[in-house]
Amino acid sequence: MTTIDSDPGVRRMRAFGTTIFAEMSALAVRHGAINLGQGFPDSDGPPEMLAAAAEALRTGQNQYPPGPGVPALRTAVAEHQRRFWGLEYDPDGEVLVTAGATEAIAATILGLCEAGDEVVCFEPYYDSYAASIALAGAVRRPVTLRPVAGDRRYGFDPAELRAAFGPRTRLVLLNSPHNPTGKVFTRAELTQIAELCQEHGAYAVTDEVYEHLVFSDAGDTHVPLATLPGMRERTVRISSAGKTFRCTGWKIGWASGPAALITAVTRVKQFLTYVNGGPFQPAVAVALGLPDSYYDELRTDLEARRDQLVAGLTDAGFGVLPSEGTYFVTTDITPLGGTDGMAFCRSLPERTGVVAVPTEVFYDDPEAGKRLVRFAFCKRAEIIDEAVRRLRA
Ligand SMILES: *Cc1c(COP(=O)(O)O)cnc(C)c1O
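Residues numbered from 1 in each chain as written. Predicted model: local features only at pLDDT ≥ 70, side-chain atom pairs only at ≥ 80, totals over all residues. Heavy atoms only, no water.

**Student:** How should I be thinking about the overall build of the protein in this particular structure?
**Tutor:** Of the regular secondary structure elements, the protein holds 13 helices and 15 strands. With the C-alpha coordinates of the protein rotated into their principal frame, the extents come out at 60 × 55 × 50 Å. The buried share of the protein, reckoned over its 393 residues, is 55%. In the protein, 39 side chains carry a positive charge and 48 a negative one; their mean positions are 3 Å apart. (Helix = DSSP H or I, 4+ residues; strand = E, 2+ residues; numbered from the N terminus. Buried < 20%, exposed > 50% of the residue type's maximum accessible area, 1.4 Å probe, protein only. Lys, Arg positive; Asp, Glu negative; His and termini not counted. Charge placed at Lys NZ, Arg CZ, Asp CG, Glu CD.)

**Student:** How should the pattern of salt bridges be read in this particular structure?
**Tutor:** Side-chain pairs of opposite charge can arise where the charged atoms are in close proximity. Counted by the stated rule, this structure contains 32 salt bridges. The shortest N-O distance in the salt bridge between Asp92 and Arg74 comes to 2.9 Å. Within this pair, whereas Asp92 is found in the loop between helix H3 (71-85) and strand S2 (95-99), its partner Arg74 is found in helix H3, the two being separated by 18 residues in sequence. Residue Arg74 is classed as buried on the basis of its relative accessible area of 8%. Glu189 is paired through a salt bridge with Lys183; the nearest N and O atoms lie 2.9 Å apart. A relative accessible area of 12% places Glu189 in the buried class. Bridged by salt links that share partners, the residues Asp217, Glu303, Arg306 and Asp307 form one connected network. (Salt bridge = Lys/Arg side-chain N within 4 Å of Asp/Glu carboxyl O.)

**Student:** Help me understand the packing of aromatic side chains, please; the structure alone is not making it clear to me.
**Tutor:** For any two aromatic rings, the description comes down to two numbers: the centre-to-centre distance and the angle of the planes. On inspection of all chains with the given rule, the structure shows 19 aromatic pairs. Here a set of aromatic residues connected by ring pairs shows up, and it is made of Phe84, Trp85, Phe245, Tyr294 and Tyr295. Directly above the aromatic system of Phe344 lies the positively charged group of Arg351, at a separation of 5.1 Å from the ring centroid. Here the guanidinium or amino end of Arg374 rests over the ring plane of Phe328, the centre of that ring lying 3.6 Å away. (Phe/Tyr/Trp six-rings, centres within 6.5 Å; stacked < 30°, edge-to-face > 60°. Lys NZ or Arg CZ within 6 Å of the ring centre and 35° of its normal.)

**Student:** So what exactly am I meant to see when it comes to helix H5 (residues 127-135) here?
**Tutor:** For an α-helix, 3.6 residues make a turn, and residues three or four places apart therefore share a direction. Of all 9 residues making up H5, 7 are buried, and the element is well covered by its neighbours. Those residues of H5 lying buried are Ser128, Tyr129, Ala130, Ala131, Ser132, Ile133 and Ala134. Contact partners of the buried residues in H5: helix H4 (100-112), strand S3 (118-123), strand S4 (139-144), strand S7 (169-175) and strand S8 (203-207). Gly137 sits one or two positions beyond H5 and adopts a positive phi of about 70 degrees. (Contact = heavy atoms within 4.5 Å.)

**Student:** I'm lost on the nonpolar core in this one. Help?
**Tutor:** Side chains that are nonpolar tend, in soluble globular proteins, to be buried together. Counting 95 residues, the largest nonpolar core has Leu73, Phe245, Leu288, Leu309 and Phe375 as its most contacted members. Counting contributing residues, this core receives three or more from each of domain 1 (11-40 + 293-392) and domain 2 (47-289). Every residue in contact with Leu73, bar those within four places of it in the chain, is listed here: Val97, Ile252, Gln281, Val284, Ala285 and Leu288. Counting 25 residues, the second largest nonpolar core, distinct from the first, contains Leu161, Ala164, Phe165 and Cys197. (Core = buried A, V, L, I, M, F, W, Y, C linked by side-chain atoms within 4.5 Å. Domains from an automatic or database assignment.)

**Student:** Just to check I follow, could you spell out empty space enclosed by the protein for this structure?
**Tutor:** Gaps between atoms show up when a probe of the same size as a water molecule is rolled over them. Enumeration over the complete set of coordinates arrives at 1 cavity of 30 Å³ or more. Each pocket or cavity is described by its volume, and for the largest cavity that value is around 30 Å³. Forming the walls of the largest cavity are Pro66, Gly67, Pro68, Gly69, Val97, Thr98, Lys269, Val275, Asn276 and Gln281. Residue composition of the lining of the largest cavity, grouped by class: 4 nonpolar, 5 polar and 1 charged. (1 Å grid on protein atoms, 1.4 Å probe; cavity = no way out; pocket = protein on both sides within 12 Å on 5 of 7 lines; lining within 4 Å. Points joined across faces, edges and corners; volume = space filled by probe spheres on them. Nonpolar A, V, L, I, M, F, W, Y, C, P; charged D, E, K, R; others polar.)

Here it is, written out as structure tokens:
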């Protein structure tokens, strides 16, 4: 008789438990807590976009869209990148619509990495990165972002970055503006990354889902890595509608890049989901074409929410680190007597009625993030006020 294996899961995925968001969101429900853990907005996206989705649902656009995405969306994605970043992509062959940025990242890594290839990435990192790298049998080479003495902005040691590159480096995976730190990589930092990529013949994969959320302290300007000399030809640029248009449940994302790279990504993507979100695709095309005022308001509104939460957290005694973009701010719990962010976040909902996320889960080296805790400010002003009131008490 054969026995049933208690864990039949593949070895390369065993290190991955349930995501921290599931655990913390369950605690939020149990304690009726305000969830500043997961980064989803609590208000809907632009009405023009919602109306276009409803219209598409009602007018029979409910079957499989074309594999690369509906033409209107691919065209809108290309036009958007020309309008904001001066980047030119051919909607036919250089743009691929995906099931969110998450699928684009997974398909890019799976499509470009042989087993044993190395992927340089900055930790703390978005939690799907490590899983996608492991699925590909590739090896991650993390470079740690740390609050730098002085203004405590997150930075990296250029020598550590250089040392992470080697003969097996295949990709650099860069997220700017960066979740969970709120760091916006400077042009000087991007130049170092670009030079190392070119020196080592590596490709770049950029996760730019917060491209429209760079705040005034960072000069309101996002710099896509693909705009640096020599980088367009070796970069897969990824973004999605979720964060920019407050529709994280729609899972409409896209990858742009030279045709040879997009072909390699498509080869994998077509067998992961094939396609998704038929009626949402034309709606996102409408949203991408909204006037500059939409994007300006999105940014100034989020910046005001950030200021509000930062003031409240500072008042409550947290050591607040600078956030220049995204939906997030990280805090040091040392001034509150905390030494263990995980324990702190597990007890916070019951103690205060607020949920946050321990940043250590985003590091290969949990020690590096042991005392850091992340809060999301993509919530309505009254919710942030109430969260701050609870944290102070
Ligand atoms: C939210 C987020 C994603 C996921 O985007 P989807 O379009 O929902 O898949 C990817 N990367 C980062 C850094 C994020 O914060």
